[in-house]
Amino acid sequence: MPAEYSSKTQSETAAQEILRCDPVDIDTLVGAGLPFEYRSGVRYFDLNDLYNLGMYSGRSNTQPELAFRMLFRFASRPVERLLSEQTWDFRVLLECPECDGSAPWRFEAPDIDRFGGRLADVTEPRPSARTAEYTATVTTTGARSPLVAPALRQLTQDYLEAGYRWQMIPPAMQADYELVHRLGATSCIAASLFLAERFRAAGYRAEAKRGWFCGVLGGALDLPHACVEVEDEDGVYKTVDIAKAQLAARLSQDTRDFQELCIGSVYNKAIPSTAPGDAPLAHHDCGSALPVHVRADIQVKR
Ligand SMILES: [Zn+2]
């Protein structure tokens, strides 16, 4: 992480657990340039740095490798299960870290109707200080609607073949999608902003939208989600989830059907919101300058 987006919150002990390594390995990584900060004699590291190191370490037992493999197990199963209706208990906790007092909240809610889903039992966050909650029952569904315009398919293919490396990147940095791609990296929001720009340059109506990716281990992995919504030449609005296609390809070879589904079709594990790709999901009107933390817990409704 570039210094301005880095947040050294993970102690040396936490780093050893995430990377399943011993103190000597940490010394080796620091010697090779892993950024850290000394606080009370202990080295602290950035969580995204550790995640990205683990993910590409090839050790196969680091926390990120295990988490992503579990999270993407669905991607190698038959994709028909991703096209059926699915109902979710959707709960989002909003937290204003340095709150200046009671005020209304603005939350970019799920926006699912136009992709065949629906919202019910909505509880909006009421004016309060520090924390608030949004809950709803969200029904998603899927539909096969691959991109048809050759120009859109070509731009998507070019992007997939450009060799950007998928990484965990904080949303604030992802909004600077040119920086992310200059570093040879990609991630859901940055990729969507980049591709939406290319689609518009080719004359199509396209916008990157943020949302949620369901089934993310009960919040253990805060995986920011976004995709491109584009009006195809058949007049249908399609969603392109390019970074998920890339990530799935990276994790396993037998995810081809899922990768294809990401290029235009709608699937039941993604919930779009009303937020543009480079905008925050929530805001508290208390006057604090620090961004609101948004933590989603999305569980299959039983
Ligand atoms: Zn506040």
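Residues numbered from 1 in each chain as written. Predicted model: local features only at pLDDT ≥ 70, side-chain atom pairs only at ≥ 80, totals over all residues.

1. Quick notes on the overall build of the chain
Within the chain, the secondary structure is distributed over 10 helices and 16 strands. Projected onto its principal axes, the C-alpha coordinates of the chain cover approximately 60 × 50 × 40 Å. Going through the 302 residues of the chain one by one, you find that 39% of them count as buried. Sequence separation of at least 24 residues holds for 69% of the intrachain contacts in the chain that already meet a minimum separation of 6. (Helix = DSSP H or I, 4+ residues; strand = E, 2+ residues; numbered from the N terminus. Buried ≥ 20, exposed ≤ 12 C-beta atoms within 10 Å, placed from the backbone. Contact = placed C-beta atoms within 7 Å.)

2. Notes on the packing of helix H5 (residues 150-161) against helix H8 (residues 188-201)
Between H5 and H8, the shortest axis-to-axis distance is 10 Å and the interhelical angle comes to 145 degrees. Considering how the two elements wind past one another, H5 and H8 form a crossing that is right-handed. Contacts between H5 and H8 involve Leu152, Leu155 and Tyr159 from the former and Leu195, Arg198 and Phe199 from the latter. (Axes fitted to C-alpha atoms, helices over the stretch in contact; angles between N-to-C directions. Left-handed = near helix turned anticlockwise from the far one by under 90°.)

3. Considerations on the domain arrangement of the chain
In terms of domains, the chain is made up of domain 1 (3-71) and domain 2 (84-302). Here the C-alpha centre of domain 2 lies 26 Å away from the C-alpha centre of domain 1. (Domains from an automatic or database assignment.)

4. As for the sheet that holds strand E1 (residues 8-11)
As summarised here, the arrangement of the 3 strands in space is E1-E3-E2, forming an open sheet in which the pairing is antiparallel. Each edge of the open sheet carries a strand with a single partner, namely E1 and strand E2 (37-39). Looking at each pair of strands side by side, their axes are set apart by 50 degrees on average, direction ignored. Packed onto the sheet, helix H1 (residues 12-19) meets E1 and strand E3 (42-46) and runs at close to 75 degrees relative to E1. Its contacts with the sheet place helix H3 (residues 47-55) against E1 and E3, and it is angled at close to 75 degrees to E3. (Pairing = 2+ DSSP bridges.)

5. Describing the pairing of strand E4 (residues 86-95)
Both faces of the sheet carry side chains from a regular strand, because those side chains alternate between them. Burial along E4 is one-sided: the residues Gln86, Trp88, Phe90, Val92 and Leu94 are buried and none of Thr87, Asp89, Arg91, Leu93 and Glu95 is. Judged from the 8 bridges that link them, E4 and strand E16 (residues 293-300) form a sheet pairing that is antiparallel. Across the sheet, Leu94 pairs through a bridge with Val294, a residue of E16.

6. Topic: unusual backbone geometry
One non-glycine residue, Ser60, lies in positive phi territory at about 70 degrees. Among the residues examined, Ser60 registers 9 C-beta atoms within 10 Å and is labelled exposed. Phi is positive for Asp121, close to 50 degrees, though the residue is something other than glycine. Locating Asp121 in the fold gives a position in strand E6 (residues 118-123).

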